[in-house]
Amino acid sequence: MLLLTRKVGERIVIGSGPRKIVITLTAVDRGRGTIGITAPRDVAVFREELVPQIELPPDDKEPPP
């Protein structure tokens, strides 16, 4: 796992070109951070706690830890 420290407005970029994903720290309030995620339309982005409730194609399912 890569851990990064960011200030509000700073970004993390995953990948490159048209397939890149950009994560922006938009706010920090009372110890909680808010992020914005920009990703290609065909990349599904879910909060981890919702994944079990969402039916994903077999290729997208990750093995349990």
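See the structure above.
Residues numbered from 1 in each chain as written. Predicted model: local features only at pLDDT ≥ 70, side-chain atom pairs only at ≥ 80, totals over all residues. Heavy atoms only, no water.

*Asks:* Describe a nonpolar patch on the surface, and please don't skip the residues or the numbers.
*Replies:* Together, Ile35, Ile37 and Val45 make up a nonpolar patch on the protein surface, roughly 260 Å² of accessible area in all. Considering the arrangement of structural elements, one finds Ile35 in strand 3 (residues 32-38). (Patch = residues over 30% accessible without salt bridge, like charges linked within 9 Å, V, L, I, M, F, W, Y side chains within 5 Å. Areas by Shrake-Rupley, 256 points an atom, 1.4 Å probe, with all protein chains shown as cover. Salt bridge = Lys/Arg side-chain N within 4 Å of Asp/Glu carboxyl O. Helix = DSSP H or I, 4+ residues; strand = E, 2+ residues; numbered from the N terminus.)

*Asks:* How would you sum up the pairing of strand 2 (residues 21-29)? Please name residues and give values.
*Replies:* In the sheet, strand 1 (residues 11-14) pairs with strand 2 via 4 bridges, with the strands oriented antiparallel. In the sheet register, Ile14 faces strand 2, and the bridge partner there is Ile21. The loop that links strand 1 with its antiparallel partner strand 2 comprises 6 residues; one of these, Gly15, has a positive phi angle of about 80°. Summarising the sheet, strand 2 and strand 3 pair through 7 bridges and their orientation is antiparallel. In the strand pairing of strand 3, Thr24 is matched with Gly36. Between strand 2 and the antiparallel strand that follows it, strand 3, lie 2 residues; Arg30 among them carries a positive phi value of about 50°. (Pairing = 2+ DSSP bridges.)

*Asks:* Give a detailed account of the pattern of salt bridges, specifying residues and quantitative values.
*Replies:* If the charged atoms of two oppositely charged side chains come close together, the side chains can form a pair. This structure, assessed with the given rule, holds 4 salt bridges. One salt bridge connects Asp42 with Arg19, and the closest N-O pair in it is separated by 2.9 Å. Placement of the pair is Asp42 in the segment after strand 3 and Arg19 in the loop between strand 1 and strand 2, with a sequence separation of 23 residues. By relative accessible area, Asp42 is classed as exposed at 61%. For Arg30, the salt bridge goes to Asp29, with nearest N and O atoms at 3.2 Å. (Buried < 20%, exposed > 50% of the residue type's maximum accessible area, 1.4 Å probe, protein only.)

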